[in-house]
Every structure is written in C-alpha cells, then in structure tokens.
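# Topology and contacts: notes
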Amino acid sequence: MRPSPGSTESIAPEIEVRGLTMAFGPRIIMRDLNFTVARHEIFIVMGSSGCGKSTLLRHLVGLEEPVAGEILFRGEGFTRADSATRENIIRRFGVLYQSSALWSSMTLAENVGLPLAQFTDLSPAEIREIASLKLALVGLGGFEDYYPSEISGGMQKRAGVARAIALDPEILFFDEPTAGLDPTASRLLDDLILELRDSLGATIVVVTHELASIFAIGDNCIFLDRETRSIGARGHPKELLGQTDNPRVREFLTRGSTRAAADGGL
Amino acid sequence: MALRPVAEKWLEARVNETDLAGLEIERSDSNQLVIRLSGVWRLHHGMPTANRLKPQLISSPRPSHVTVEASRLRAWDSSLVNFLAGLTRICNAHQILLDRASLPEGLNRLVELATSAPELKEPRATTTETLLTRAGRTVLARLEGFATYVDFVGLVALALGNALRGRARFRKIDLLEVLQASGADALGIVTLISYLVGIIMAFMGAVQLQQFGAAIYVADLVAIATVREMGAMMTGVIMSGRTGAAFAAQLGSMKVTQEIDALATMGISPIEFLVVPRVLGLVLMMPLLCLYADFVGILGGATVGVTMLGLTLNSYMQQTIGAIWVSSLVGGLVKSVAYGVLIAIAGCYQGFECGQSSSAVGEAATAAVVNGIVMIVVACGLFAVIFNLLGF
C-alpha cells in the first residue's frame, strides 16, 4: 500500500477534489469545489450550520453521488470507479460520525472488533485483544463489555474513534467530533486527533464549526460559503484570520464580533 | 418613562390584578391619533389585537402620526407586545409615523425584535398547486418509489445469492436472534389468532351445514380453508404486524443514528449484514409457524365440532385427515415462504428508506405493515390463479 519514494503515486495528494457539485434534487448545495488534501495533514472543513459541510464529507466517503466532478484518492479515481476499486479505497478510510453511530446492539469490544472480524483472519481472542488495545488508546480501557447506551456522549465519541482506527486507516474522517461535548472533553478529543495523526501517520479530514478546535488542530482549511455556494477562503486557519477579505469568513472566525463592534453594541 | 426591571417587579407585585387592560383612542386633530394604554395587560384577560384599530387608522382622513402613551400602564406581558407589534406593522404598511417613546424600554426592545425583518431571505415556497399537478407529482413519486423498490429487491437477491454460497458478511448471532424473535417468540400470538379463526370458521360453517344435517362436513370446511389459505395468510398478517414493523423500526433508527452509514464506510454491505439475516430468519420460520397455525386452527374447529355439534373428536379428526390433500398442505407452505420473503423485504426496505427523524421511524413501521399486508393479499390472489392453472 505504502508507495516507494520517487514513484508517481507519492506525488499525488492524498485526496483531490475536482469540480465537485453537490445537490439534492434541484437544490444545489455547493458548486464546482476544487481542493486537495496533502498527506499527513489535518484538513478542516468549516462553515456555518447548514452550509453543506457534512454533505461534503458524505460525498468524500462515497455515501452520496456527486452531480458533477470527481474525487481522487492518491490520484486514483473514486467517484465513478467500479465496486472493487471503491471497496479497496473505502477499506483505507476510518469515519467518525456526528452521532458516533456505534452499533447499539453490540458492546464496545464487538463494535471495534467487527471490522477486524470481517476483514482479517484473526481468531476471536486476538480480535478481542486488538479491540481492547484500540479502546485503551482512546482512554476507554476496561469498557469492553459496555453497550453504547451505557456510556456518556464523550465516551461514545471516543469509542467511535476506536472503531474508526480499528483497521489502521490511512485517512480518517471526523464529522463534528466535538459537537455537544463540554470544553474539557472537546480538548481531550482534539488532543486525540493530533496524537492519531502523529502516531498513525494518518491524513485527517475534520468537519467542524468549533473555533477552538479549528485553531488548535488545523493545518489547512477551507471555508464553505453558504451565500455563494463555493469555497469562501482557504489556508492555515490562523493565517486566514489575519488575511481574509471575505467578511463572512472573518465574521465566522471572530464569532461575529466585528459586526457587533461596528454596531457599537455588546 | 422607562422602568428599571427591579422597580417594575416591585410594582407588579402590588398591582391589583383586577385592574383590567385599558385602551383609549383619542383623535386630537385630523392627523394626530393618541392611543392610551392603561391597567394590567395579561394574556389570561384576553388578547386585544391591533387589527381592531385598523379601520380607525386607515380611514380618511388618515392620521399621519400615532402616539402610544403609557403613563397609566401598570403591568404587561406578551399580550401587549403582540398588540404593539401588530400596530407597528400596520403603521409601517401605511406610512404612518408611530411614536412609542413613552413605553418602557424593555417593552420597546421586544416590539423591535418582533417586527424586525426576518432573517430568512427566501421564504419556503408555499405555492398552491392545482389538483392535476399534485396528482402528477404523486404518480411520479410513486413510480420512482417503485423503481427504488425493484432496485432494493435486486440487491437483496444478489446478497442472498452470496449468502447461499457462504460469501455474505453477516453475524450468525444476528440470524439466531431473528429466528428467536420471529419463531419461538411469536408462538403465543399465532396460537391465539389461529385457534380463534378456526373456531369462527367452524361456527360459520356449522350454522349453514346443520340445516342439511351435514354437520360432519364442518371438519372438511375448516381443514381445507385452514391448510390452503387461512393458516398461511393469518401467519403472514401476524408476522407483518409483529416482525415486519420491528424490522422497519430497527433499521429505520439505525439509519437515523448513521449506524447504516457506518457499516457502508467500513466496507461492509448493509444489505448483506442487516437484510440477509432478517430475510433468511423469517423465511425459515414462516413455514414452521404456518404448519403450527394449521394444526391449531384445526383444533379450534374440532372444539366447535365436539362441544356444539355433538361429534366425537375421533370422527372429526378422521374426517379432517380425509379432507387434507398433500398438495393443499404443500401449497399452503409454499405460500407461507413467499409471504415471509415479501414481509421481510417490505420491512427492511421501509427501514432503509426511512427519513432522518423519529417520526419518520414511526411512518416507516406503519408503511412496512401496510405494504406487507397488501402484498400478502395480492400474492394470495396470484397463487390462487397459478395453482388453478397447475391443477393443484
């Protein structure tokens, strides 16, 4: 899987999006998106609520079909590829969903172990061991036999991460990882994301609107602008704060305080 | 004058609540109107609306200035905010200057919030369509729905093919759970319904057949009807309401919590993982349940025969065995297998097509039961024709 140095594969970006247009029926969500995600970076997709961030993520992981344009992983076409190619690419993903999406009829160990049972020849005892390891990595050692409904929301998110990294994926997708968590739990999750990038060497795509997370972990980002249905800004989040001339991006990154200051209020 | 919140509270505490809301209108000169508010404005005292003042505001000569005066206002709640918001809207629409300066500051702020321009720039389209357009849309949506249903059936067929070759990815424990839930757990309700249906058929038949002194033929009637049709159909209806609805609700809520998406992005086919064990489980259990329902239904008939018609159990059973042909029995079991497939697919399909809310899960469960029962009845009719042609 890992390309040898100097091969053409290693030059290709991890993810490349060309002319992607997303729509539900006649309603266009975003049109003609172009961006690349470099290897080993934490790439943030930000934007206000309802602008299509999560929809973009669903397109990236193949749950929705784009109306136009294509998505490439390491230079390999994904969008209109045959099912075998798609399956191979999907196998390199790990996805954490907004609602954690743990399978509620299974214990945490079974949740983490399911992908291992399906795609490896490990024995049940070995699978259990790996599942325990992954749970310990996210700080949930000892919770193997709990059901998802028996643990807190923050722990569910972390268990979701443990499941996402079960097969040592090369690309991790996080959909609003810190939404609904208290500041401490959010911070812990941010640290976990940084740790995963450094230890697994994974490329990480995070969809979020939490400013603290964006500034803490983002290497690169795009801002989806609901008004123009396109990318409003791109770059390193901290540099973007000083450079952008798009008022909506500035407003987003400063929690709208520029407007409040102009109004002379609050 | 603006009241400080604390002072206002203190004042309210001492307000005599019987001091009802007052509204006086005074026309000082031809283009000046003064509205005097007084007393206690409370929702439970009733809600005066600004529309009542509309005739006075827009009748000619139309006032150019309206002043709201509130020196005798004692206390207020949303009823006054609503009244003033309505008044503001009327005045804005007819270019009348409205002076609310004498109102309490908090009240003015609420009125401003209520009348400020809405954030939503493109309001939801509420065009009224003609009957023809709506009918056309409905038909197109139904056709599209049918196409996705056919698509789904095809995917399930492929997945079942994989399963028969031992290549489908699903957990054996899931299959066992479906066998338990749609087999052993359903015995109670199947017993009750089949026994009662047997009694009813025997009773209906007995009333007629006794007139000809042919009471013993009640056994034939119950046996043939149960084995050929009613056993399979009643089991199908019960399982549609019990298991089909459960499938739709389980898969629907898994859709809402993105658990199905999680399977898909894990490279595991949700159809193989979730639908195959459910279809297989129900299809394996349906003929067994049907056979059991046949037996219990005949027992129900025998109960009537023995207790009401004075037949012996032995003669009733002899007559029953003579009436049942193997082909009828096999036909009933074939039908029950087909009903099992239809119910399981209807339930799973509705679950997969479920929307993103908790009410959508309820709708999916309802649709699963309705579609399941409709398909059972349609299939029953088709079987009648086919068996007739085959000479069964």
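## Remarks on the overall build of chain B
Along the backbone of chain B there are 13 helices and 4 strands. Relative to the globule expectation of 21 Å for 392 residues, the C-alpha radius of gyration of chain B, 36 Å, shows a markedly less compact shape. Along the three orthogonal principal directions, the C-alpha set of chain B runs to about 105 × 60 × 50 Å. The buried share among the 392 residues of chain B stands at 35%. Long-range contacts, defined here as pairs at least 24 residues apart, represent 84% of the contacts in chain B between residues at least 6 apart.

## Some details on the overall build of chain A
When you go through chain A residue by residue, the secondary structure sums to 11 helices and 10 strands. Relative to the globule expectation of 18 Å for 266 residues, the C-alpha radius of gyration of chain A, 19 Å, shows essentially globular dimensions. Taken over the C-alpha atoms alone, chain A extends approximately 65 × 45 × 40 Å along its principal axes. For chain A, the residues scored as buried account for 41% of the 266 residues in total. Taking all contacts inside chain A whose residues are at least 6 apart in sequence as the whole, residues at least 24 apart take part in 63%.

## What about the sheet that holds strand β1 (residues 22-29) of chain B?
Residues and elements named next belong to chain B. Strand order in the open sheet formed by 4 strands is β1-β2-β3-β4, with mixed pairing between adjacent strands. The open sheet is flanked by β1 and β4 (97-99), the only strands paired with a single partner. Mean inter-strand twist for the sheet, computed between neighbouring axes without regard to direction, equals 20 degrees. Where strand β2 (residues 32-40) meets strand β3 (residues 65-75), 8 bridges bridge the pair, whose relative direction is parallel. When the bridges of β3 are listed, leucine 33 appears paired with valine 66.

## Considering the pairing of strand β2 (residues 27-37) of chain A
Residue and element names in this part refer to chain A. The pairing of strand β1 (residues 15-24) with β2 spans 7 bridges and is antiparallel. Paired with alanine 23 across the strands is isoleucine 28, a residue of β2. As consecutive antiparallel partners, β1 and β2 are separated by 2 residues, and within that stretch glycine 25 has a phi angle of approximately 60 degrees, a positive value.

## Focus on the sheet that holds strand β9 (residues 220-225) of chain A
Residue and element names in this part refer to chain A. Strand order in the open sheet formed by 6 strands is β6-β7-β8-β3-β9-β10, and the pairing between neighbours is mixed. Each edge of the open sheet is held by one strand with a lone partner, namely β6 (93-96) and β10 (230-235). Within this sheet the neighbouring strands show an average axis-to-axis angle of 15 degrees, counted without direction. Pairing analysis gives 4 bridges linking β6 to strand β7 (residues 171-175), with the strands arranged parallel. From the neighbouring strand, leucine 96 faces β7, where its bridge partner is phenylalanine 174. The sheet strands contacting helix α6 (residues 153-164) are β6 and β7, and the helix crosses β6 at an angle near 170 degrees. Across the face of the sheet, helix α7 (residues 183-200) comes into contact with β3 (42-46), β7 and β8 (203-207) while running at roughly 155 degrees to β8.

## Quick word on the domain arrangement of chain B
Annotation of chain B at the domain level lists domain 1 (2-116) and domain 2 (155-390). With centres defined by C-alpha atoms, the gap from domain 1 of chain B to domain 2 of chain B works out at 67 Å.

## Points about helix α13 (residues 358-390) of chain B
Residue and element names in this part refer to chain B. Taking 1.5 Å of rise per residue, the 33 residues of α13 would be expected to cover 48 Å, and the 47 Å separating its terminal C-alpha atoms lies within 8% of that figure. Taken as a whole, α13 has its buried residues at Val361, Ala364, Ala365, Ala367, Ala368, Val369, Asn371, Gly372, Ile373, Met375, Ile376 and Phe383. Against α8 (218-256) and α12 (326-352) lie the buried residues of α13. Of the residues one or two after α13, glycine 391 is the one with positive phi, at around 75 degrees.

## With respect to the pairing of strand β4 (residues 68-73) of chain A
All names here are of chain A. Looking at chain direction, β1 and β4 are connected through 5 bridges and run antiparallel. Looking across to β4, one finds that valine 17 is bridged to isoleucine 71. Both β4 and strand β5 (residues 76-77) contribute to a ladder of 2 bridges, which runs antiparallel. When the bridges of β5 are listed, leucine 72 appears paired with glycine 77.

## Quick notes on the nonpolar core
By size, the foremost hydrophobic cluster in this structure holds 139 residues, and its most contacted members are Val45(A), Leu135(A), Phe173(A), Ile193(A), Ile204(A), Val205(A) and Ala368(B). It is helix α10 (residues 270-308) of chain B that contributes the most residues to this core, 17 residues altogether. When sequence neighbours within four positions are dropped, the list of residues in contact with Ala368(B) reads Gly244(B), Ala245(B), Phe247(B), Ala248(B), Ala346(B), Gly347(B) and Gln350(B). Grouped together as the second largest cluster of nonpolar side chains are 19 residues, Leu37(B), Val66(B), Leu84(B) and Leu107(B) included.

## Some words on the interface of chain A and chain B
Taken residue by residue, the interface counts 15 residues in chain A and 11 residues in chain B. Secondary-structure elements contributing two or more residues to the side of chain A that touches chain B are α3 (83-90), β6 and α4 (108-119) of chain A. The element contributing the most residues to the side of chain A that touches chain B is α4(A), with 3 residues. Tallied by class, residues from the side of chain A that touches chain B come to 10 nonpolar, 3 polar and 2 charged.

## A short note on the packing of helix α7 (residues 187-209) of chain B against α10(B)
All names here are of chain B. Between α7 and α10, whose axes approach to 7 Å, the crossing angle comes to 45 degrees. With respect to α10, the axis of α7 lies oblique. For the element pair α7 and α10, the recorded crossing hand is right-handed. Taken together, the residues of the contact of α7 with α10 break down into 17 nonpolar, 8 polar and no charged.

## Observations regarding unusual backbone geometry
Residues other than glycine seldom take positive phi values, yet Asp168(A) does so here, at roughly 45 degrees. Relative to the helices and strands, Asp168(A) is located in the loop between α6 and β7. Positive phi outside glycine occurs at Gln95(B), with the angle close to 50 degrees. Within the secondary structure, Gln95(B) sits in the loop between α3 (78-93) and β4.

## Focus on the environment of Pro115(A)
All names here are of chain A. Inspection of the secondary structure puts proline 115 in helix α4. On the basis of neighbour counts, which here come to 23 C-beta atoms within 10 Å, the residue proline 115 falls in the buried class. Along the sequence, proline 115 and alanine 166 sit 51 residues apart, while their C-alpha atoms lie 7.0 Å from each other.

## Focus on the packing of α8(B) against α13(B)
Residues and elements named next belong to chain B. At a minimum axis distance of 8 Å, the contact between α8 and α13 shows a crossing angle of 145 degrees. You can see that α8 and α13 cross each other, and the crossing is right-handed. Partitioned by chemical class, the residues of the contact of α8 with α13 number 16 nonpolar, 7 polar and no charged.

Parameters at a glance
- Residues numbered from 1 in each chain as written.
- Chains lettered and ligands numbered in written order.
- Predicted model: local features only at pLDDT ≥ 70, side-chain atom pairs only at ≥ 80, totals over all residues.
- Helix = DSSP H or I, 4+ residues; strand = E, 2+ residues; numbered from the N terminus.
- Rg over C-alpha atoms; globule rule 2.2 N^0.38 Å.
- Buried ≥ 20, exposed ≤ 12 C-beta atoms within 10 Å, placed from the backbone.
- Contact = placed C-beta atoms within 7 Å.
- Pairing = 2+ DSSP bridges.
- Axes fitted to C-alpha atoms, helices over the stretch in contact; angles between N-to-C directions.
- Domains from an automatic or database assignment.
- Expected span 1.5 Å × (residues − 1).
- Core = buried A, V, L, I, M, F, W, Y, C linked by C-beta atoms within 7 Å.
- Nonpolar A, V, L, I, M, F, W, Y, C, P; charged D, E, K, R; others polar.
- Parallel < 35°, antiparallel > 145°, perpendicular 65-115°, else oblique.
- Left-handed = near helix turned anticlockwise from the far one by under 90°.

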